[in-house]
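Listed here are the chains, written in short residue letters.
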Amino acid sequence: MSTTATAQSIDENLDEGTESQELTDGFHLIIDALKLNDINTIYNVPGIPITDLGRYMQAEGLRVLSFRHEQHAGYAAAIAGYLTKKPGVCLTVSAPGFLNGLTALAHATTNCFPMILISGSSEREVVDLMQGDYEEMDQLAIAKPLCKAAYRVLHAEDIGTGIARAIRSAVSGRPGGVYLDLPAQLMGQTMDAAAGAKSLIKVIDPAPRQLPAPEAVDRALDVLKSAKRPLIILGKGAAYAQADDEIRALVEKSGIPYLPMSMAKGLLPDTHPQSAGPARSLALKESDAVMLIGARLNWLLSHGKGKAWGTQPKKFIQIDIEPKEMDSNLEIVAPLVGDIGSCVSALLAGMDGDWKAPPSEWTEAIKAKVETNVSRMAPRLQNNNVPMDFHGALGVLRTIIGERPDAILVNEGANTLDFARSIIDMSKPRKRLDVGTWGVMGIGMGQAIAAAVETGHPVLAIEGDSAFGFSGMEIETICRYKLPICVVVFNNGGIYRGTDVNPTGGDDVAPTVFVKDARYDKMMEAFGGKGYYATSPDELKQAVNEAMDSGKPALVNAVIDENAGTESGRIGNLNPQSVVAKK
Ligand code: ADP
Ligand code: TPW
Ligand code: MG
């Protein structure tokens, strides 16, 4: 059915034989503009003033997925953007719904994921005079500092422009979050259907290639050539860029060891002979030239300084689409500004002829360290202890992911995240999704849902029990849409551990402790999914394999030793210390 046919149509003086004027309206112009730009999935929570917009979207063939909380619809949209290179769209009601979605919008911007938050809003006249409308809020002003761009559309004839600007802003240059404010009144505005159709814009080449300057390429190659111990660091920008073949070719042709950041794991298989993953500290400390590809020198890389990087002086090369990223933490001697596909191709082209692999003392030292660390870890992963520790449980899940290379792994928690990141090998690009740049808890179910929806592949979500709690209600969403998602809750009874005590001896448990023996599996059963209870690695293996084979919603409550975790996982050093309390 064409949109204009569903829109209001007025027949003027048909008796007199004059022509009928077909009308369209704001609702349908929004839908047509999105469809024109191949945006076909909407992550939303309905309510005034966007309920009908969601209904009309579904009627017009968009996939409209309703969540139980906007934050999770937002995290879904953000990761959909990462996976597809098209902006993921989250649709919310005004003020509180908008604010619930805003965390995800800020998260998208921080992680360089393209996303558009579309929120309904109250009329300008009432908001600007602060007259107290239903869910009144000056949303545009609030969104602005938290996203890449923010726009409001007041007239139906500007909808095409508004949506085109939102799309281009989200995906061009460094991707990020965009806010689009759509006042209630706009949706009901009518205009001539033909003029409406003409007002829409199909965004041509929304993320244009950005070629690096030839002299910048030469500079980078010179640094690499003169290095004795070069290292490549791949970040999630490299995974986002979908230049998988070029990146693999560059790594292999150069012979340089590489270190993948968490979400770049699998860009090359973690078992690749050049992977320095298990020799991370050696690689960071001893390298003399480091080429960052789509990775920022932020806290996740200790800002490029300090103990983690050792005393060996280093030269940094950085490939990034955002020129302002250069020198953010220290001097970049060879900045390579451009899109990763183009930059990597240019480097590859420049390596022809006299390219020499790095000295074998360096590559062999890394390989030896990788082998030692891998074989040291192996027996720990095979333990069948009850209660389970992180290694026993993750040893099993590592095998399961190894056997199912197309499955997408979602991962959050503290110990649950840190151990899983280092233990579970990934073999394909963009298969590992996690807490990203902020280390935010709550991305779990939103990411799992979007991963299943956008890719059609099965999802395994490995969740700390605290982490799971942030988005746990979305398992109803998973059941409603019958998604192939298996959630494993690492139930150690709390945040980091389940063993803290209240020092006053009072009735309240310690702030990090949850209800003992919580049965998260029964939550899944409440919505018609399958719940499993696993107390040993063997039980865990059986449950997860059965769940993944079924392709149906499942939750495995994996009982983990409540003593097994450490404070803040691997980043306990970031906690401030009290000199008074901790004598
Ligand atoms: P990680 O957390 O994995 O280290 P970051 O999020 O810190 O990765 O860094 C990603 C970087 O990738 C950002 O600086 C971003 O500007 C950059 N980036 C994203 N997409 C592209 C692209 N297509 N080409 C070049 N750089 C990109
Ligand atoms: C939005 C702080 C970091 S990790 C974590 C919290 C609350 C939970 C750790 O417990 P979990 O994992 O998931 O049970 P485990 O295996 O160690 O027991 N609020 C937000 N984000 C963050 N990062 C926090 C709080 C935090
Ligand atoms: Mg826990």
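A. Region of the structure containing the overall build of the protein chain. When helices and strands are tallied, the protein chain shows 23 helices and 20 strands. A compact globule built from 583 residues should have a C-alpha radius of gyration of about 25 Å, and the protein chain, at 26 Å, falls within 12% of that. Along the first, second and third principal axes, the C-alpha set of the protein chain runs to 90 × 65 × 50 Å. Split into buried and exposed, the 583 residues of the protein chain put 55% on the buried side. Counted over contacts in the protein chain with a minimum sequence separation of 6, partners at least 24 positions apart contribute 76%. Element-wise, carbon and sulfur atoms account for 53% of the exposed surface of the protein chain, whose accessible area totals about 24400 Å². Across the protein chain, the centroid of the 56 positively charged side chains sits 10 Å from that of the 70 negatively charged ones.

B. Structural context of the coordination of the magnesium ion (ligand 3). Distances from the magnesium ion (ligand 3) to its protein donors, Asp465 (OD), Asn492 (OD1) and Gly494 (O), fall within 2.1 Å. Going along the chain, you hit the donors of the magnesium ion (ligand 3) in the pattern D-x26-N-x1-G. Both residues of the pair, Asn492 and Gly494, count as buried.

C. Just the site of ligand 2, in detail. Around ligand 2 lies a shell of 17 residues, among which Asn415, Thr416, Gly439, Asp465 and Asn492 are the nearest. Between Thr416 and ligand 2, the recorded distance is 2.6 Å, taken from a side-chain N or O atom to an oxygen atom. One nitrogen or oxygen atom from the main chain of Ala467 is found 2.9 Å from an oxygen atom belonging to ligand 2. Protein chains bury 76% of the 590 Å² of accessible surface belonging to ligand 2 in isolation. Residue assignment for the shell around ligand 2 shows that the elements contributing at least two residues are α18 (415-423) and α20 (465-471). Sort the elements by how many residues they give to the shell around ligand 2 and α20 lands first, with four residues. Looking at the shell around ligand 2 residue by residue, the class counts come to eight nonpolar, eight polar and one charged.

D. Local environment of the domain arrangement of the protein chain. In terms of domains, the protein chain is made up of domain 1 (9-199), domain 2 (214-368) and domain 3 (382-559). Each of domain 1 and domain 3 has a C-alpha centre, and the two are 33 Å apart. Opposite the 22 residues of domain 1 that make contact, domain 3 presents 25 residues. Of the roughly 2100 Å² buried between domain 1 and domain 3, counting both surfaces, carbon and sulfur atoms make up 64%. Linking domain 1 with domain 3 are one salt bridge, by the criterion used here. Between Arg68 and Glu476 there is a salt bridge whose closest N-O contact spans 2.9 Å. The dominant element in the side of domain 1 that touches domain 3, judged by the number of residues it contributes, is helix α4 (residues 70-84), at eight residues.

E. Focus on the site of ligand 1. Near ligand 1 you find 19 residues, and of these Arg174, Lys236, Arg296, Asp320 and Ile340 are the closest. Take Arg296: an N or O atom from its side chain is 2.8 Å from an oxygen atom of ligand 1. One nitrogen or oxygen atom from the main chain of Ile321 is found 3.1 Å from a nitrogen atom belonging to ligand 1. A total of three residues in the shell around ligand 1 trace back to one element, the largest contributor, which is helix α12 (residues 236-240). Residue composition of the shell around ligand 1, grouped by class: eight nonpolar, six polar and five charged.

F. Representation of the sheet that holds strand β8 (residues 177-183). Across the sheet, six strands lie side by side as β4-β3-β5-β6-β8-β7; this open sheet has parallel pairing. Either end of the sheet is taken by a strand with one partner, and the two such strands are β4 (63-66) and β7 (149-152). Geometrically, the sheet is characterised by an average inter-axis angle of 20° between neighbouring strands, direction not taken into account. Lying on the sheet, α4 is in contact with β3 (41-44), β5 (88-92) and β6 (115-121); it crosses β5 at an angle near 165°. The strands touched by helix α8 (residues 159-171) are β6, β7 and β8; relative to β8, the strand with the most contacts, the crossing angle is about 165°.

G. Up close: helix α5 (residues 95-111). With 17 residues, α5 ought to run about 24 Å at 1.5 Å a step, and its terminal C-alpha atoms sit 24 Å apart, in line with that. Largest kink in α5: about 30°, centred on Leu102. In terms of residue burial, α5 counts as a mostly covered element, since 12 of its 17 residues are buried. Those residues of α5 not exposed but buried are Ala95, Gly97, Phe98, Gly101, Leu102, Ala104, Leu105, Ala106, His107, Ala108, Thr110 and Asn111. Along its buried surface, α5 packs onto α4, β5, β6, α7 (139-143), β8 and α12. Residue Cys112 follows α5 closely and has a positive phi angle near 65°.

Conventions and cut-offs
Residues numbered from 1 in each chain as written. Chains lettered and ligands numbered in written order. Predicted model: local features only at pLDDT ≥ 70, side-chain atom pairs only at ≥ 80, totals over all residues. Heavy atoms only, no water. Helix = DSSP H or I, 4+ residues; strand = E, 2+ residues; numbered from the N terminus. Rg over C-alpha atoms; globule rule 2.2 N^0.38 Å. Buried < 20%, exposed > 50% of the residue type's maximum accessible area, 1.4 Å probe, protein only. Contact = heavy atoms within 4.5 Å. Areas by Shrake-Rupley, 256 points an atom, 1.4 Å probe, with all protein chains shown as cover. Lys, Arg positive; Asp, Glu negative; His and termini not counted. Charge placed at Lys NZ, Arg CZ, Asp CG, Glu CD. Donors = N, O, S within 2.8 Å, 3.2 Å for Na, K, Ca; no water. Near = heavy atom within 4 Å. Polar contact = N/O pair within 3.5 Å; in protein donor to acceptor, adjacent residues only side chain to side chain. Nonpolar A, V, L, I, M, F, W, Y, C, P; charged D, E, K, R; others polar. Domains from an automatic or database assignment. Buried area = accessible area lost by both parts, 1.4 Å probe. Salt bridge = Lys/Arg side-chain N within 4 Å of Asp/Glu carboxyl O. Pairing = 2+ DSSP bridges. Axes fitted to C-alpha atoms, helices over the stretch in contact; angles between N-to-C directions. Expected span 1.5 Å × (residues − 1). Bend = angle between axes of the 7 residues up to and from the residue.

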